[in-house]
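Okay, here's what each chain looks like letter by letter:
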Amino acid sequence: MSLVKVTIDDKELSVPEEYTVLQAAREAKINIPTLCFLKSVNEIGACRICLVEVQGARSLQAACVLPVSEGMVVYTHTPEVREARKVTLELILSDHDRSCLTCNRHGNCELQKLAEEFNIQELRFERATQKYRLDDFSPSVVRDSNKCILCRRCVSMCGQKQKISAIAVNARGFHSIIGPAFDRSLAEAPCVLCGQCINVCPVGALREKDDTDLVWQAIEDPTKHVIVQTAPAVRAALGEEFGMPIGTPVTGKMVTALRRLGFAKVFDTDTAADLTIMEEGTELLHRLQPGGVLPLITSCSPGWIKYMEHNYADLIPNVSSCKSPHTMFGALLKNYYAEQNQLDPKDIVVVSVMPCTAKKFEAKRPELSTNGNPDVDIVITTRELGKMIREAHINFVDLGEGNFDHPFPTASGAAHIFGASGGVMEAALRTVAEIVNGEELQDIEFHEVRGLAGIKEATIKLKGIDLKVAVTSGLGNAQVLLEKIRAGEADYHFVEIMACHGGCINGGGQPIQPSSVRSWTNLKELRMAALYQEDSKATIRQSHKNPLIQALYQDYLEEPGSKKAHQLLHTHYQARENYPE
Amino acid sequence: MKSIAELQALREKAKKDLNLRNTEAGTRIIVGMATCGIASGARPVMTALVEELAKRNLNNCTVAMTGCLGLCKLEPLVEVIDEDGTKTTYIHMTAEKARRIIVEHIVNGQKCKDLMM
Amino acid sequence: MAIYRAHVLVCAGTGCASSNSVKIMEALEAELSLQGLEQEVQIVKTGCFGLCARGPIVVVYPEGAMYANVRVEDVPLLVSEHLLKGRIVDGLLLKETGIDETGKENENSEFFSRQLRIALRNCGIINPENIEEYIAYDGYQALAKVLTEMTPAEVITEIQASGLRGRGGAGFPTGIKWGFAAEQVAEQKYVCCNADEGDPGAFMDRSVLEGDPHSVVEAMAIAAYAIGANEGYVYIRAEYPIAVKRLKIAIKQAESEGLLGKNIFGTGFDFELFIRLGAGAFVCGEETALMASVEGKRGEPRPRPPFPAVKGLWERPTILNNVETYANIPVIINKGADWFRTIGTESSPGTKVFAVGGKINNTGLVEVPMGTSMREVIYNIGGGIPNGKKFKAAQTGGPSGGCIPASHIDTPIEYETLIELGSMMGSGGLIVMDEDTCMVDLARFFLEFTVEESCGKCPPCRIGTKRMLEILQKITEGRGEIADLEQLEILAKNIKAASLCGLGQTAPNPVLSTLRYFRDEYEAHVLEKRCPAGVCKSLLTYSIIPDSCRSCGLCAKNCPADCISGDRKTPFVIDQSKCIKCGTCIIKCKFAAIELV
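Residues numbered from 1 in each chain as written. Chains lettered and ligands numbered in written order. Predicted model: local features only at pLDDT ≥ 70, side-chain atom pairs only at ≥ 80, totals over all residues. Heavy atoms only, no water.

**Q** Outline the overall build of chain B, listing residues and values.
**A** A count of helices and strands for chain B gives four helices and four strands. When the helices and strands of chain B are read in sequence order from the N terminus, they spell out α-β-α-α-β-β-β-α. Oriented by its inertia axes, the alpha-carbon framework of chain B measures out at about 55 × 25 × 25 Å. The buried share of chain B, reckoned over its 117 residues, is 46%. (Helix = DSSP H or I, 4+ residues; strand = E, 2+ residues; numbered from the N terminus. Buried < 20%, exposed > 50% of the residue type's maximum accessible area, 1.4 Å probe, protein only.)

**Q** So what's going on with the overall build of chain C? Residues and values would help.
**A** From N to C terminus, chain C includes 23 helices and 20 strands. Against the 2.2 N^0.38 benchmark of 25 Å for 597 residues, chain C shows a C-alpha radius of gyration of 27 Å, consistent with a compact globule. Each principal axis of the C-alpha distribution contributes one length, and for chain C these read about 95 × 65 × 40 Å. Counting only residues that meet the buried cut, chain C has 62% of its 597 residues in that class. For chain C, long-range pairs separated by at least 24 residues make up 71% of all intrachain contacts whose partners lie at least 6 apart in sequence. (Rg over C-alpha atoms; globule rule 2.2 N^0.38 Å. Contact = heavy atoms within 4.5 Å.)

**Q** Any chance you could break down the interface of chain B and chain C for me, citing the residues and the numbers?
**A** At the junction of the two partners, chain B supplies 31 residues and chain C supplies 41 residues. Buried area between chain B and chain C, summed over both chains or domains, comes out near 2900 Å², and the portion from carbon and sulfur atoms is 60%. Scanning the region where chain B abuts chain C turns up three salt bridges. When the shortest N-O distance is used, the salt bridge between B:K13 and C:E132 registers 3.0 Å. Where chain B touches chain C, the interface holds four residue pairs in polar contact (both at pLDDT 80 or more). Going through the elements one at a time, helix 1 (4-18), helix 3 (42-55) and strand 2 (61-66) of chain B are the ones with two or more residues in the side of chain B that touches chain C. Tallying contributions element by element places helix 1 of chain B first for the side of chain B that touches chain C, with ten residues. Along the lines of polarity and charge, the residues of the side of chain B that touches chain C split into 16 nonpolar, seven polar and eight charged. (Buried area = accessible area lost by both parts, 1.4 Å probe. Salt bridge = Lys/Arg side-chain N within 4 Å of Asp/Glu carboxyl O. Polar contact = N/O pair within 3.5 Å; in protein donor to acceptor, adjacent residues only side chain to side chain. Nonpolar A, V, L, I, M, F, W, Y, C, P; charged D, E, K, R; others polar.)

**Q** Hey, could you go over the sheet that holds strand 2 (residues 41-46) of chain C for me, with residue numbers and the actual values?
**A** Think of a sheet as strands paired side by side through backbone hydrogen bonds, with each pair either parallel or antiparallel. Residues and elements named next belong to chain C. Spatial strand order, 2-1-3-4: four strands in an open sheet with mixed pairing. Of all the strands in the sheet, the pair left with one neighbour each is strand 2 and strand 4 (65-67). Each adjacent strand pair in this sheet contributes to an overall mean axis angle of 20°, direction not counted. Relative to strand 3 (residues 58-61), strand 1 (residues 6-11) runs antiparallel, the two sharing four bridges. The partner of L9 across the bridge, within strand 3, is V59. Sheet strands touched by helix 2 (residues 21-34): strand 1, strand 2 and strand 3. Its angle to strand 2, the strand with the most contacts, is close to 170°. (Pairing = 2+ DSSP bridges. Axes fitted to C-alpha atoms, helices over the stretch in contact; angles between N-to-C directions.)

**Q** Give a detailed account of the interface of chain C and chain A, specifying residues and quantitative values.
**A** If you look at the interface, chain C gives 35 residues, while chain A gives 35 residues. Buried surface at the junction of chain C and chain A, summed over both partners, amounts to about 2900 Å²; 54% is from carbon and sulfur atoms. Remark: the boundary between chain C and chain A carries three salt bridges. For C:E300, the salt bridge goes to A:R152, with nearest N and O atoms at 2.5 Å. Taken together, the connections running from chain C to chain A amount to 16 residue pairs in polar contact (both at pLDDT 80 or more). Looking at the side of chain C that touches chain A, the element that brings in the most residues is helix 17 (residues 459-476) of chain C, giving ten residues. Class assignment of the residues belonging to the side of chain C that touches chain A gives a composition of 15 nonpolar, seven polar and 13 charged.

**Q** Describe in detail the pairing of strand 11 (residues 318-322) of chain C, supporting the description with residues and values.
**A** Taken across its five residues, strand 11 of chain C has five buried, putting it largely inside the fold. A two-sided burial pattern is seen for strand 11 of chain C, the buried positions comprising C:T318, C:L320 and C:N322 on one face and C:I319 and C:N321 on the other.

**Q** A description of the pattern of salt bridges should follow, citing residues and the corresponding values.
**A** Opposite charge on two side chains permits pairing when their charged atoms draw close. One pass over the full model with this rule turns up 82 salt bridges over all chains. With a closest N to O distance of 4.0 Å, B:R99 and B:E96 form a salt bridge. Of the two residues, B:R99 and B:E96 are both situated in helix 4 (residues 95-107); the distance of three residues between them amounts to about one turn of the helix. Residue class for B:E96 comes out exposed when judged on its relative accessible area of 56%. Measuring nitrogen to oxygen at the nearest pair gives 2.9 Å for the salt bridge that ties C:E416 to C:R165. Placement of C:E416 in helix 15 (residues 415-420) and of C:R165 in the loop between helix 6 (152-162) and helix 7 (174-183) is noted, with a sequence separation of 251 residues between them. Given the relative accessible area of 10%, C:R165 is considered buried.

**Q** Now, about the packing of helix 9 (residues 213-227) of chain C against helix 10 (residues 241-256) of chain C: what can you tell me, with residues and values included?
**A** Residue and element names in this part refer to chain C. One can describe the packing of helix 9 onto helix 10 by two numbers: an axis separation of 9 Å at closest approach and a directional angle of 55°. Comparing their axes, helix 10 and helix 9 come out oblique. The handedness of the crossing between helix 9 and helix 10 comes out as right-handed. The segment helix 9 lies against helix 10, with P213, H214 and V217 engaging R246, L247, A250, I251, Q253 and A254. (Parallel < 35°, antiparallel > 145°, perpendicular 65-115°, else oblique. Left-handed = near helix turned anticlockwise from the far one by under 90°.)

**Q** Requested: an account of helix 12 (residues 382-391) of chain A, with residues and values cited.
**A** It helps to recall that an α-helix has 3.6 residues per turn; residues three or four apart then point in one direction. Residues and elements named next belong to chain A. Counting buried positions over the ten residues of helix 12 gives seven, a clear majority of the element. Taken residue by residue, helix 12 has T382, R383, E384, L385, G386, M388 and I389 as its buried positions. Positive backbone phi, at 55°, marks H393, one or two positions downstream of helix 12.

**Q** Hey, could you go over the sheet that holds strand 10 (residues 269-278) of chain C for me, with residue numbers and the actual values?
**A** Residues and elements named next belong to chain C. As summarised here, the arrangement of the five strands in space is 9-10-8-7-11, forming an open sheet in which the pairing is mixed. With partners counted over all chains shown, the strands left at the sheet margins are strand 9 (261-264) and strand 11, one partner each. Across this sheet, the average inter-strand angle for adjacent strands is 25°, counted without regard to direction. In this structure, strand 7 (residues 190-195) lies alongside strand 11, joined through five bridges in parallel fashion. For C192, the partnering residue across the bridge sits in strand 11 and is L320. Taken strand by strand, helix 11 (residues 287-294) contacts strand 7, strand 8 (231-237), strand 10 and strand 11, and its axis lies near 100° from that of strand 8.

**Q** Residues and numbers for the nonpolar core, please.
**A** A:F263, A:W304 and C:L488 are the most contacted members of the largest nonpolar core, which has 154 residues in total. The biggest single contributor to this core is helix 10 (residues 325-340) of chain A, with eight residues. Ignoring anything within four residues of it in the chain, the contact list for C:L488 reads C:M468, C:I471, C:L472, C:I475, C:V511, C:L515 and C:Y522. (Core = buried A, V, L, I, M, F, W, Y, C linked by side-chain atoms within 4.5 Å.)

**Q** Give a description of unusual backbone geometry that names residues and reports values.
**A** Residues and elements named next belong to chain C. With an omega of -5°, the peptide bond between R304 and P305 qualifies as cis. Relative to the helices and strands, P305 resides in the loop between helix 11 and strand 11. Here the residue pair P305 and P306 is connected by a cis peptide bond, since its omega of 0° sits within 30 degrees of zero. Examined against the element boundaries, P306 turns out to sit in the loop between helix 11 and strand 11.

**Q** Report on the environment of A:V436, specifying residues and quantitative values.
**A** All names here are of chain A. With respect to the helices and strands, V436 occurs in helix 14 (residues 423-437). Looking at V436, the relative accessible area reads 25%, which means it is partly exposed. Sequence-distant contacts of V436, defined by excluding residues within four places in its chain, comprise L285, L462, K463 and I465.

**Q** How would you summarise a nonpolar patch on the surface if you had to cite specific residues and measurements?
**A** All names here are of chain C. A cluster of nonpolar residues, F172, I176 and F180, forms a patch on the protein surface that exposes about 260 Å² of accessible area. For F172, the position within the fold is in the loop between helix 6 and helix 7. Residue F172 is classed as partly exposed on the basis of its relative accessible area, which comes to 39%. (Patch = residues over 30% accessible without salt bridge, like charges linked within 9 Å, V, L, I, M, F, W, Y side chains within 5 Å. Areas by Shrake-Rupley, 256 points an atom, 1.4 Å probe, with all protein chains shown as cover.)

**Q** Outline the side chain of A:N546, listing residues and values.
**A** Residues and elements named next belong to chain A. Checked against the element boundaries, N546 lands in the loop between helix 17 (523-537) and helix 18 (547-557). At a separation of 3.4 Å, a polar atom in the side chain of N546 contacts the main-chain carbonyl oxygen of T410. Excluding residues that lie within four positions of it along the chain, N546 makes contacts with D274, T410, A411, S412 and I540.

**Q** Describe the packing of aromatic side chains, with residues and values.
**A** The full count for this structure, using the stated rule, is 21 aromatic pairs over all chains. Between A:F329 and A:F408 the ring centres are 5.2 Å apart and the planes differ by 85°, which places this aromatic pair in the edge-to-face class. Residue A:F329 is located in helix 10, and its partner A:F408 is located in the loop between helix 12 and helix 13 (413-416); the two are separated by 79 residues in the primary sequence. Just as A:F329 is buried, A:F408 falls in that class too. Ring centres 4.9 Å apart and planes at 85° place the aromatic pair C:F111 and C:F112 in the edge-to-face group. Overall, C:F111 belongs to the buried group, its relative accessible area being 0%. The partly exposed category is assigned to C:F112, whose relative accessible area is 23%. (Phe/Tyr/Trp six-rings, centres within 6.5 Å; stacked < 30°, edge-to-face > 60°.)

Following this line, the structure appears as structure tokens:
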């Protein structure tokens, strides 16, 4: 790494030559405002908010994409720079639906923050704005083009990272609009509803479909027995909604808050994750027998499943028939739990708190129901739970630690790590390895499948077999792996795929961090760490050792992969058209 | 085309075909082609001139037509205007005589005195 | 083989083709065979002669007689008189008359002899679909020379020494650009030709491709050799079907002659050339947008650096030059940099082609040495302003250029002088305006174009130009306030400063230059609610001159807004509050009793 000397606002410094002016300025503790910039996602220099003056350059330059060069002299705060930035911001505001008070992103809006920082008190150039129809036809993602500022972070995320390109820039100039092709709704496009676009949107143009009202209504209905379950990744991020440091696990406070909101029971989806390992592990063992379709691919991520149905339906035989953990849990609650507590399944409302927007779509799949009762009734995201807690005026930070309710109070450490990429794989290995080897593992941690690498491969030496596994997250990475599988160039036995990079901790329903944080902090790593921390503290760290699961099979499900288990805990898939008629 | 030589050969050939468009070309031969000229046989004269020029690769010489030169009884008339502007008028032309003009006047620079007006 | 004694050159450029030259060619063929002349007279389809206003143009050699405005009906006469009997048809010959500033006949007016044609050297002279004709006019000599006698570095040195600057707009020195690309170490490099020509009214690139496509093919091969590329792309707009067709033919011919492809002239140099069609977005003339489009992406610019010479097509070193720039290359190689430098000015050597249009007699393409005055182009070549009107301003550089007022008519045209005047060279559009042009309306017109053509990537251009347009609409509709002028200036300044690409950075030019030279017109619109040129409809008042009105009532009868009233005894009156300014009354009045102020 060679260094170059640059001067920014008369400060001289040496920085690596691959730095941009923006990075160099950070080094010098000089703050350059940005708007479209999101590191490693959207570095296109489009919004012109980060303009700086470079000595000798013909025009002002976008600091976010301008590479440093030896002897470069940069000024970030000249009158010309300030005026150009301010006029640009005023122009953006002039074409933005500024109904801030009623906006989903009020208080967490990057544009609002800039307007404040730039001390905008009046808009000089206010005239015609666009009026677009709200796209709220999908069960997961709402697109409000009136609020869109065309920064294109979502386009980059969908096209470059997820490699889906369900949305792109349509038309041009003042009529530019970001959305699916042919002016379609997200519901009629190859969108997998992963919600990654929401996470990167600086304003309120993309958001989850808000289902909090449905939850309130259920809670307030005395005839309903409303159960809530929370996914593993929620506890790793919910604290961020209340200003807590990224990566703070808040399981106990979350349980307390949920109970305060009025849920009859607060359960942990992690319990069902243990169940998933039993079912999926068994499925893997079956498939390892001669004639089994390999590789077996995980089915927990509904974004991945929808993506597969759109683009890789030929791989349906490879995908595990296991329902995702929360729908397994839902099915169990509406059958086993209902029987145990003499409740009519129709009176039970299962609410899932998920880090995920695709789960809203998943819950509406007709195949995920028993006798006409959907396994899960309502899905809300981590962000929506945050909203409900604020709506109830609960001071989250000061809450005490609660515990999950009986009869499902416990889950294994293996289940906790489901929320991180590689977690499902590691949890499965902790169980499958012991079954195959017929003896306890000395070390239950499989570090080779952890971390944020796009594709992780490992060979696990078991008795009689070298188990080849692969873990991928982020659909762009998954595509690479899937092409290899499709071409027959991969000899994996077991593959874990998560639609969102890093797994559920980075799901499309998780708290939104602005670019100023996301660009310079490894959000995924911090949230992942919270889950591994929970795992390491757990007394039981393998799914098959969870006594609750053992009892469940003994009392009700008979054995993993039994007829009963298949009835309740397994599903099937269908090919989907990208642009249906 | 595999060599520069081939390019040059093609260029020379093509140049010849296009010489007609060079209005600054050296010698101009003008054939009276009004009704009187045509009636007294100017057309075969002109054809002969053109053919003879082509045969001899005389690129620096064009054949043009003109109307009645006012001396109808001397038709077919041919005027040769040399590069220096000297004008020579030949009268009572035939195809045979035309070929002579090309050989003697144009190629050898000797005016055909017996054919002149 | 037929030996032809006469060549009849018929312009088959877009301009003449649209004024029926194809039919003329067919009629000529029919007439020649009728008169038995088909073995003696050859019809040659050529590119544009440049004088499009007088098209279709037909030239008969060896006389070199140029016929203008030829109609199909004229063909029998032309054949029987000129081609059969050898009598030039005077009545059809091109007459070059011009008008000087005082409205009198201009004796200096000469459309062709005052031009110096380098880029257009073969246009209208050769058959563009016949490689042999190009070769006859020294075609591929330059390629042969560089491949056998010069090193790539020598080629670049020669081009640098010539001082040739990009003819596409910005005027960047071509040789320096090539030098940057040549310095790069890469397995693959590309040469690219910008034939997107988006400026409305500019058509020199089309003309070169239609009239002399091989010059571009040859130049691109030379450029490729110079920088170490072996693949080239011509990005040409699909609206140029004739140019596309001829370029395709040219590439095919060059390939079959071994002038494109593997091991050209046995030197081991390979070069392949491909065509990519553009869909006509103006922004695709911007180099990074063009390359995105070639790659199959949405045609949008990206910030530079990295420059294309470092990271261009598919992230490989690429040079991109415009058609006219390339058309100069073979001549420079053949005649040398020193010769080229004798033409034009010190800082801008060579010639520039202008597409002259608007209120001028000789609409068409004009190639003159750099540094030629606007007066020369407008009056002596362009033939002056029609109908004895006064010259008001010239707009150079297309929609992103500026307006140069009559007071600067003697300015020599070169890159720097135009920029000093608040305009630019651009691709060489030159739109002449007379006294009937409203400068505010003109600025609005050009801005409408850029608003429509903004790609939408950066807010200053996407929203800023729209806001400027809204203000200009307000002013031309009579709702302007004096504060609007200040807003226009703030917006213009910052859009120029903050936009991502050249489109936005230059979009405010028409407004800024008209504000600079014609501020009084803006003020008249805003303060007096008056359009001095009488163009802005909303600011005009139709009124009946009582003394002239014969009370016939025809105006009232035809008024669609029903706002004219009167009776047989008194003059009629227009109710201004209801008038929609359609102008029907003025057309209907038989006594010229209605005036427009």
